[in-house]
Amino acid sequence: QDRGAAVSVRQEVDANGKTVARYIKKGVRDFSFGNTLGEGSYSTVVFATDRQTLKEYAIKILDKRHIIKEKKVKYVNIEKDTLNRLTDHPGIVRLYYTFQDERSLYFVLDLCKGGELLGVLKRMVTFDEECTRFYGAQILDTIDYMHKRGVIHRDLKPENVLLDHQMYVKITDFGTAKILKNTPRRPDESTGSIPIDSSDIPEEERASSFVGTAEYVSPELLTEKNACKASDLWAFGCIIYQLLAGRPPFKAGNEYQTFQKIVALDYEFPIGFPAVARDLVERLLVLEPARRLPIEHIKNHEFFEGISWGPELWNQKAPRLKAYV
Ligand SMILES: C[C@@H](Nc1nc2c(c3cc(-c4cn[nH]c4)ccc13)C(=O)N=C/C2=C\CC1CC1)C(C)(C)C
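### Comments concerning the confidence of the model for the chain
Here the chain averages 88 in pLDDT, while 89% of its residues score no lower than 70. Taken together, the stretch residues 183-201 has pLDDT below 50 and engages in 33 contacts with residues farther than four places along the chain or on a different chain.

Listed below in structure tokens is the structure:
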């Protein structure tokens with residue numbers, strides 16, 4: 001059965017009195033549904049409790065007819081394949097199992113009681129440096145894991161960064177992710193040098209088809225319709241800027257004007273924006289993808305001084321949320 005199959009095992013006695021194990025695929029009836037947690041463009045995420053185990057989950061419900069009509073079947077499969085591929089990292093929302101009934105598809109996922117990072121940021125207005133450092137580090141650690149498994153998220157933004165009950169990062173919404181074919185070794189991975197220009201990045205590592213949310217879209221996606229791993233680092237730069245400034249770097253009256261600002265690298269830092277964070281953002285918001293700071297260099301940047309990368313990052317207590325004043 002596919003990894004996503006939800007089975008519970010029940011002991012039963014067959015006609016000859018022999019005890020047998022019967023595999024039962026979980027279904028809608030095994031859960032009691034609660035409030036709606038979030039609305040996606042083609043889905044609703046609802047709170048649910050497993051009636052047997054009383055465990056709490058978030059269940060993403062997709063209307064089959066709507067998906068077919070809107071030709072989104074591809075995205076649903078990409079999301080399921082990606083979630084099934086990114087299974088052993090604390091920063092990724094976990095998919096436990098899937099099932100369907102005549103009308104809908106159901107994805108049973110981690111419940112993230114902290115909600116969306118965007119919601120928390122709106123309430124705080126800004127994050128102070130310590131909080132930005134912690135959440136930035138958890139997001140970067142998760143991007144690193146995704147990229148090492150050949151996945152480009154392509155739509156990273158504060159709405160898609162969720163927080164669990166410990167206020168740890170859980171990245172979600174992989175419907176627009178790009179799964180790269182067996183990722184070939186890049187020159188910089190072997191020699192440690194940064195590739196001279198984006199042509200160094202093998203074609204198969206560039207992803208096609210336009211995706212993303214206006215404020216976080218990378219310039220290469222706008223000019224060449226191509227996303228690469230560095231596109232996620234552009235979005236990461238926008239997120240770091242937004243946590244400290246309380247707004248994204250590129251935001252205009254409408255999408256078109258926002259795109260114009262992006263391709264012109266037209267943004268500025270608010271007065272008082274911390275200098276070290278500014279230096280990091282300036283090395284990420286670079287028009288040429290191959291010139292953006294690679295992940296290893298970001299981890300060594302002064303802004304992340306004091307962060308211990310690795311399991312400790314996911315064992316320490318999340319800092320109390322404080323605004324940057
Ligand atoms: C970004 C997403 N919003 C949300 N997606 C998920 C939540 C979630 C939880 C709250 C929440 C919890 N408590 N209070 C609010 C608010 C928004 C949520 C969750 O717990 N578990 C898995 C989720 C998503 C996984 C699925 C994409 C694979 C959209 C708006 C697209 C529905």
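Additional details are given in the paragraphs that follow.
### Focus on the pattern of salt bridges
This structure, assessed with the given rule, holds 18 salt bridges. The partner of Lys-299 in a salt bridge is Glu-296, with the nearest N and O atoms 3.9 Å apart. Here Lys-299 and its partner Glu-296 are both found in helix H10 (residues 295-299), three residues apart, which amounts to about one turn of the helix. Residue class for Lys-299 comes out buried when judged on its relative accessible area of 12%. What makes Glu-296 partly exposed here is its relative accessible area of 42%.

### A short note on the site of the ligand
Around the ligand sit 19 residues in total, of which Leu-37, Asp-110, Cys-112, Glu-116 and Thr-172 are the nearest. The backbone of Asp-110 places a nitrogen or oxygen atom 2.9 Å from a nitrogen atom of the ligand. At 3.1 Å, a side-chain N or O of Glu-116 approaches a nitrogen atom of the ligand. In the complex, 87% of the free accessible area of the ligand, which totals 650 Å², lies under the protein chains. Among the elements of the structure, strand S3 (31-39), strand S5 (56-63) and strand S8 (115-116) are those that each provide at least two residues to the shell around the ligand.

### Section: the pairing of S3
As paired elements, S3 and strand S4 (residues 44-50) share six bridges and run antiparallel to each other. Across the sheet, the residue bridging to Phe-33 is Ala-48, located in S4.

### Comments concerning the pairing of S4
Counting the residues that bridge the hairpin from S3 to S4 gives four residues. Bridging between S4 and S5 involves six bridges; their strand directions are antiparallel. Residue pairing across strands places Phe-47 opposite Ala-58, the latter belonging to S5. Hairpin connection, S4 to S5: the antiparallel pair is bridged by five residues, and Leu-54 has positive phi, about 65°.

### Some words on the packing of aromatic side chains
Evaluation of the coordinates by the stated rule reveals 19 aromatic pairs. Ring centres 6.1 Å apart and planes at 75° place the aromatic pair Tyr-241 and Tyr-267 in the edge-to-face group. Linking Tyr-241 in helix H7 (residues 229-245) with Tyr-267 in the loop between helix H8 (255-263) and helix H9 (275-284), this pair joins segments that are 26 residues apart in sequence. Of the aromatic side chains, those joined through ring pairs into one cluster are Phe-31, Phe-33, Tyr-57, Tyr-96, Tyr-97, Phe-99 and Tyr-106. If you follow Lys-74 out to its NZ or CZ, it ends over the ring of Tyr-75, 4.9 Å from the centre.

Criteria and cut-off values
- Numbers given for residues are sequential positions, taken from 1 along each chain in its written order.
- Local features in this predicted model are restricted to residues of pLDDT 70 or higher, and side-chain atom pairs are both shown and tallied only at a pLDDT of 80 or more, whereas totals for entire chains, interfaces and linings draw on every residue.
- Calculated side-chain values reflect all of the structure's heavy atoms, with hydrogen atoms and water omitted.
- The quantity known as pLDDT measures the predictor's confidence residue by residue, on a range of 0 to 100.
- Residue contacts are counted whenever heavy atoms from the two residues lie within 4.5 Å of one another.
- Any Lys or Arg side-chain nitrogen found within 4 Å of a carboxyl oxygen on Asp or Glu counts as a salt bridge.
- Secondary structure counts use DSSP, requiring at least four H or I residues in a row for a helix and at least two E residues in a row for a strand, with both numbered from the N terminus.
- In this scheme, a residue with accessible area under 20% of its type's maximum is buried, one over 50% is exposed, and one in between is partly exposed, where area comes from a 1.4 Å probe on protein chains only.
- One heavy atom within 4 Å of a molecule or strand makes the whole residue count as near it.
- We call two N or O atoms a polar contact when they sit within 3.5 Å, provided that within protein one can donate a hydrogen and the other can accept it, with sequence-adjacent residues counted only if both atoms are side-chain atoms.
- Note on areas: Shrake-Rupley, 1.4 Å probe, and residue coverage restricted to the protein chains presented here.
- A pair of strands is labelled paired if DSSP reports no fewer than 2 bridges between them.
- Paired rings are identified among Phe, Tyr and Trp, the last through its six-membered ring, by centres lying within 6.5 Å, and are further divided according to the angle between planes into stacked (under 30 degrees), edge-to-face (over 60) and tilted (the rest).
- Counting as a charge over the ring demands two things of the Lys NZ or Arg CZ atom: a distance within 6 Å of the ring centre and an angle within 35 degrees of the ring normal.

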